[in-house]
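One letter stands for each residue in the lines below.
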Amino acid sequence: MKEGFRQSMAWLHTWSGLLVGWVLFMVFATGTSAYFRDEISHWMKPELHGAPAASQVAPAQAAGQAVRFLEREAAGSPRWNIGLPSDREPDVRVTWTRPQPPGAPRQRPLAVQLDPATGERLAAPRATRGGDFFYRMHFDLHYMPALWARWIVGFCAMFMLVAIVSGIVTHRRIFSDFFTFRPRKGQRSWLDAHNATAVLALPYHLMITYTGLVTLMFMYMPWAAQTAYQGDQKTFFAEAFPNAAGSAPQKAAGRPAALVPLGPLVEQAQARWQGAAASRVVVTFPGDANAAVTVYRDGQASLSSNQASVVFNGTTGQWLEARGEAVPAASETRGVFVGLHMGHFAGPVLRWLFFLSGLAGCVMVATGLLMWAVKERQKYAKALAKGGRIGFGLRLVDGLNLGAVAGLPLAMASFFWANRLIPVATPDRPAAEIAAFFTVWGVATVAAIAWPARRMWQLQLALGGLLFALVPVMNPLTGGAGLVTAATAGHWSLVGFDATCLLLGMALLTSAWWLGRRKPAARAGTAPRSARAPQAPPPAANAPQPLAHPAAEPGLSPARHALAAAETQSS
Amino acid sequence: MSAIHLTLALASCVAAFSALGLAMDRHYEDSYGRGKSPSPGLRRTLRLAGTGGLLLSLWACLAAAGTAQGWVFWFGVMTLSALGVVLLLTYAPARVARVLQGGALLAMLCAGWAMAR
């Protein structure tokens, strides 16, 4: 171990980043989209685009109207959940569970969207997972048990944290290269882009990775809590999560009793929170003598994810308990970390800042992955010049890079198209949309591994770009409110969705165009071509940007020099 | 976050990063020609102005969004403006000085307005 600290950190950064980079790119991309989860869901239900954009109805009144609907349609249910209208979500969303015999497998709750003013069903929207699909995939992946998925994602997030910290150590010139971006300089440009997106959004990257681990910390590291509470899970959760326990009855009494009107209770709770809005109301055992009503405060009121709530007796309206107001410091610290990760507190401007930082994270991961391939390719420069072939590892990385960085946006755009093109009456429609997403992604990745060439990059980027850029055209043609209609009606979330898709599509198309701008020096770097032997510059077929000749490329950053030096030493 | 505070935070942050960038030899050269470098006095002024601009932007965020969210806001605003200044220094280095002046002027106007109210 003669290597210096910085060299070993460079090694660590390279390999910890490469190993999990593809999963991280997916986690970053889907997580970034999840900042607009509600907006995406709304866009994906074009049947609701005609409803008024902003709710003029006070939450208290909307709750009262929703109860009339639930008493009619969901009598006998053990639990009603009423999502109250807000700036982001103008409708009332009610969900309820059906009564079921004990021991039966848990069913998904039924969900219906209501007009806040009348309490009547809105036009039945198509069945879709909407933005929730990306949100869940962000940490639950798909087609596998959620528990495994969370371990996998947690493992990758831990590597991300390692990569960030070792990257900071490796990057010796953080301040002198702070504003530096040198385009059209081959590998150096990739490094500059990687550094800029990493350093300039560093507070965000550190925060999001660390707090991401914190969200599932009791799953990853349960031992401290187990020891401290000696296995008493119930007490632990009651103390750690203010909303978990309560004085609300846990069992129905079996005697019918009328439910108290909800409106005054919501107003009472809002008065207690100095006017902060209520976000939802949960009624347990409605219509029973043991009914209880819990009113939750809107997440925008505080950074912490520990929502305050007030519990009332459901038959008398008597105030039972206020939760989440004097949360212990440790629980509140965790609550703030989780809150920062989810961003529920963020208003529109801050939400966009989070979104942009998330995009910077995607670019950081993508450029990091590409840089590994660009650097690795240099080692094969001589072999390639003689007509040899690149190694299996590089070929695999090239393919996976392509499948992740170009294939995922293509698949995400396809998901939006599938949402509009799959007939509404299709049985199990949400699964069909998701199958479309994974089919496109799977085909893209297989094609990428089979032929990881510049043409394939261009093809997938251009396809993804076209699909994204045409979303604003497709939207009004398939029943949605188009840009102009939405803008005149004040549906700014729909305008934002279409505009963002257009911009993303244009960015992808630009990169596809940029790849084709120069003639690919050697398209088939992966196959033996002895006829190409005389060509001097090393072929950079699979990398999106042609490399400068290694000899004309002395200016790697010192850290990369260190890495190169370390590699020569060790070999 | 009121529009005036947001404009103040962004304008002062962009101006501050432009000033900090111009205080560096590499970017000064890009803006004013090869071999030119800022005089020691100018460099000090630029750095002081840059620091002041960042602090002004922090003040705007804290005043408008409260202590807790203000810091989150400030980091977001810094990320956005720094990315903008990087693109500016790369693709339009000759305009940096004008952006710095414009940003500073806008920040002054907004600061005056925000404090007068």
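Residues numbered from 1 in each chain as written. Chains lettered and ligands numbered in written order. Predicted model: local features only at pLDDT ≥ 70, side-chain atom pairs only at ≥ 80, totals over all residues.

> Sorry if this is basic, but what is going on with the overall build of chain B here?
Counting its regular elements, chain B contains 4 helices and 0 strands. Along chain B, from the amino end to the carboxyl end, the secondary structure elements read α-α-α-α. A compact globule built from 117 residues would reach a C-alpha radius of gyration of about 13 Å, and chain B, at 14 Å, matches this within 12%. Seen along its three principal axes, the alpha-carbon backbone of chain B occupies a region of about 45 × 25 × 20 Å. Of all 117 residues assigned to chain B, the portion counted as buried reaches 49%. For chain B, contacts bridging at least 24 residues in sequence account for 77% of all contacts bridging at least 6. (Helix = DSSP H or I, 4+ residues; strand = E, 2+ residues; numbered from the N terminus. Rg over C-alpha atoms; globule rule 2.2 N^0.38 Å. Buried ≥ 20, exposed ≤ 12 C-beta atoms within 10 Å, placed from the backbone. Contact = placed C-beta atoms within 7 Å.)

> Is there a simple way to explain the interface of chain A and chain B in this structure?
Frequently, the measure chosen for interface size is the accessible area that the parts lose on association. On the chain B side, the residues contacting the 19 residues of chain A number 20 residues. Going through the elements one at a time, helix H6 (187-200), helix H7 (202-215) and helix H13 (348-379) of chain A are the ones with two or more residues in the side of chain A that touches chain B. Classifying every residue of the side of chain A that touches chain B gives 16 nonpolar, 3 polar and no charged. (Nonpolar A, V, L, I, M, F, W, Y, C, P; charged D, E, K, R; others polar.)

> I'm lost on the nonpolar core in this one. Help?
Considering soluble globular proteins, one finds that nonpolar side chains tend to be buried as a cluster. With 138 residues, the main nonpolar core has Phe25 and Ala411 of chain A together with Cys13, Cys61 and Val77 of chain B as its most contacted residues. If one sorts the elements of this core by residue count, helix H3 (residues 40-91) of chain B sits on top with 21 residues. Other than its neighbours up to four places away in sequence, Val77 of chain B contacts Leu353 of chain A together with Ala9, Leu10, Cys13, Ser57 and Cys61 of chain B. Judged by nonpolar contacts, the second largest core, of 32 residues, contains Ala63, Phe69, Trp80 and Phe312 of chain A. (Core = buried A, V, L, I, M, F, W, Y, C linked by C-beta atoms within 7 Å.)

> Whenever I open this one, the packing of helix H1 (residues 5-33) of chain A against helix H5 (residues 146-170) of chain A confuses me. Can you help?
Residues and elements named next belong to chain A. Closest axis-to-axis distance for the H1/H5 pair is 7 Å, and the angle between their directions is 140 degrees. When the interaxial angle is binned, H1 and H5 end up oblique. Judged by the twist between their axes, the crossing of H1 over H5 is left-handed. From H1, Arg6, Met9, Ala10, Leu12, His13, Ser16, Gly17, Leu19, Val20, Val23, Leu24 and Val27 reach across to H5, where they touch Val153, Cys156, Phe159, Met160, Val162, Ala163, Ser166, Gly167, Val169 and Thr170. (Axes fitted to C-alpha atoms, helices over the stretch in contact; angles between N-to-C directions. Parallel < 35°, antiparallel > 145°, perpendicular 65-115°, else oblique. Left-handed = near helix turned anticlockwise from the far one by under 90°.)

> Honestly, helix H1 (residues 3-22) of chain B in this entry has me stumped. Any pointers?
Given 3.6 residues per helical turn, the α-helix brings residues three or four places apart onto the same face. Taking 1.5 Å of rise per residue, 20 residues should cover 28 Å, and H1 of chain B covers 28 Å from first to last C-alpha, within 8% of that figure. Among the 20 residues in H1 of chain B, 16 count as buried, and that is most of the element. (Expected span 1.5 Å × (residues − 1).)

> Any chance you could explain the domain arrangement of chain A here in plain terms?
Per the domain assignment, the segments of chain A are domain 1 (5-43 + 134-200 + 346-530) and domain 2 (54-121 + 245-326). Centre-to-centre, using C-alpha coordinates, domain 1 of chain A lies 40 Å away from domain 2 of chain A. (Domains from an automatic or database assignment.)

> Quick question: what am I supposed to make of the sheet that holds strand S5 (residues 292-297) of chain A here?
Note on sheets: strands pair through backbone hydrogen bonds, and any given pair is parallel or antiparallel. Residue and element names in this part refer to chain A. The sheet built from 7 strands is open, its strands ordered S3-S2-S1-S4-S5-S6-S7 with antiparallel pairing. Strands at the two margins of the open sheet, each flanked by one partner only, are strand S3 (110-114) and strand S7 (319-323). Across the sheet, the axes of successive neighbouring strands diverge by a mean angle of 15 degrees, strand direction being ignored. Bridging between strand S2 (residues 92-97) and S3 involves 5 bridges; their strand directions are antiparallel. Note on S3: the bridge partner recorded for Arg93 is Gln113. (Pairing = 2+ DSSP bridges.)

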